[in-house]
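Summary of structural features
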Amino acid sequence: MSLRMNSLLIHGGVDGDETTGAVTVPVYQTSTYKQDGLGQTRGWEYSRTGNPTRDALEKLIADLEQGSYGFAFASGLAAINTVLSLFKAGDRLVISDNIYGGTFRILDNVFRNFGITYRIVDTSDLKAVEEAIDDEVKAVYIESPSNPLLTVTDIEAVAGIAHRAGRLLIVDNTFLTPYLQRPLALGADIVIHSGTKYLGGHSDTVSGLAAVKDKELADRLYYLQNAIGGVLGPWDSFLMIRGIKTLGVRMDRHVENAEKIARWLDGSGYADRVYFPGLESDPGYEVQTRQADGPGAMISFVLSEQYDYREFFRQLKLVTLAESLGGVESLVCHPATMTHAAIPADIRRKAGIADELIRLSVGIEDADDLIADLEQAIRASKKEK
Ligand SMILES: *Cc1c(COP(=O)(O)O)cnc(C)c1O
């Protein structure tokens, strides 16, 4: 029976435990498995290679992303590390001009040492993507909406450009999750997640996920996952499955709150710029509405000049100043010194990431309480004349 998203979230992957009838997949907290004779396993041999709890999560993310194969890693960056290990010295990637700081860091300070290079492009500009693909480029790597400027890239169009040139498209879908956007269905080859964010959803687990459709690509990724070894443990796999069950109800509320807050902020006169692809005035609005089932719940903004953003952070009472995003509680961060500090200032500014930029991860609290807190903190941050 083919299930719709809200049922898949709860019954996708492996539904319960065959042997005992347990309704939830148990935590198989074991490193190894008894073999009945030489070469006679019961399908499991060592937990880096495979673990039933992790396997249930891997099948679940594959189902949710409309892929065929899923992979779970110890963090989003462990997933990214493994995917980037598909490439070799001399290869180059085209990357979006604003992406997660850690993704930039691993490319710039780790993979570049192995001869894998990158070219930064505004991937919302399709002509620029097309022009950037030269002989060395083997893949295009994007986030949509991007981190932290929420720039929307047309995934289907970029997939077309990449595929016509025989290249791969990799999409980091952390900000929207498969509940709102399914990049593989739009033509991407590999989808990546920091499961730490919305999928886990409760700011209590660090994890990473990947999903693909193609069997050959899956075989290569599985080989690398086992060879590199950055796998997710059984307990964290259990927490991820548990988090994903409520993804639908959480995302609905996240988006509802974010739309309300973005509209309020945009009309308040407190902010010079509001970045949110759910606002009709946003340059990404049209593509976002076409390719996703909602704008997500990340909002970035720059306060008007009369407000001191440092003081704003200090004055917040309900919204927490912290790294990360996508949890039930609202978090705010300062990309220039926190999530994107690993990107050199000149590259950061060139990409439009202002030092004054504030990034808000809208939680599922009462939206009016959140607005009240933001408003009192903005007012209290007014500069003295
Ligand atoms: C957090 C994040 C990552 C990295 O994931 P970790 O789980 O922190 O390793 C990658 N991409 C995006 C968009 C993120 O927000």
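Look a little higher up for the structure.
Everything quoted here is computed from the prediction, not taken from an experiment.

Ranked by internal contacts, the top residues of the largest apolar core, which has 63 residues, are Ile299, Phe301 and Phe312. Here this core gets 8 residues from one element, more than from any other, and that element is helix 10 (residues 247-268). When near neighbours in sequence (up to four residues on either side) are disregarded, Phe301 contacts Leu265, Arg273, Val274, Tyr275, Phe312, Glu356, Leu357, Ile358 and Leu360. Counting residues in each nonpolar core, the second largest holds 30 residues, with Ala78, Ile106, Ala218 and Ile343 among its members.

Once that is clear, we can look at the sheet that holds strand 12 (residues 358-361). Across the sheet, which stays open at both edges, the 5 strands sit in the order 8-9-12-11-10 with mixed pairing between neighbours. Two strands close off the open sheet at either side, each with one partner strand: strand 8 (271-275) and strand 10 (320-321). Two elements, strand 11 (residues 331-333) and strand 12, share 3 bridges in a ladder whose sense is antiparallel. Each residue of the ladder has a partner; that of Val332, found in strand 12, is Leu360.

With that settled, the discussion passes to the site of the ligand. By nearness alone, 15 residues border the ligand, and Gly76, Asp172, Ser194, Thr196 and Lys197 come closest of all. The separation between an oxygen atom of the ligand and a polar side-chain atom of Thr196 is 2.7 Å. In isolation the ligand exposes 380 Å². Once the protein is present, 93% of that is buried. The dominant element in the shell around the ligand, judged by the number of residues it contributes, is helix 3 (residues 76-84), at 3 residues. In terms of residue class, the shell around the ligand is made up of 5 nonpolar, 7 polar and 3 charged.

Each value, and the rule that gives it
Within each chain, residue numbers correspond to sequence positions counted from 1 in written order. Side-chain atom pairs in this predicted model are given and counted only at pLDDT of 80 or more, local residue features only at pLDDT of at least 70, and totals for whole chains, interfaces and linings cover all residues. Side-chain figures throughout are based on the complete set of non-hydrogen atoms in the structure, without hydrogens or water. Put simply, buried Ala, Val, Leu, Ile, Met, Phe, Trp, Tyr and Cys residues joined by side-chain atoms within 4.5 Å make one nonpolar core. Only protein chains enter the accessibility calculation, which uses a 1.4 Å probe; a residue is then buried when its area is under 20% of its type maximum, exposed when over 50%, and partly exposed in between. The way it works is that DSSP assigns letters per residue, a run of H or I at least four long becomes a helix, a run of E at least two long becomes a strand, and they are numbered from the N terminus. The criterion used for residue contact is that any of the two residues' heavy atoms lie within 4.5 Å. Between any two strands, pairing holds if DSSP finds at least two bridges. The cutoff for a nearby residue is simple: one of its non-hydrogen atoms must lie within 4 Å of the molecule or strand. Two N or O atoms form a polar contact when they lie within 3.5 Å of each other; inside protein one atom must be a possible hydrogen donor and the other a possible acceptor, and for residues adjacent in sequence the pair counts only when both atoms belong to side chains. Where accessible areas are quoted, they stem from the Shrake-Rupley method and a 1.4 Å probe; at the residue level, only the protein chains shown are allowed to cover. All residues other than Ala, Val, Leu, Ile, Met, Phe, Trp, Tyr, Cys, Pro, Asp, Glu, Lys and Arg, Gly among them, are scored as polar; the first ten of these are nonpolar and the last four charged.

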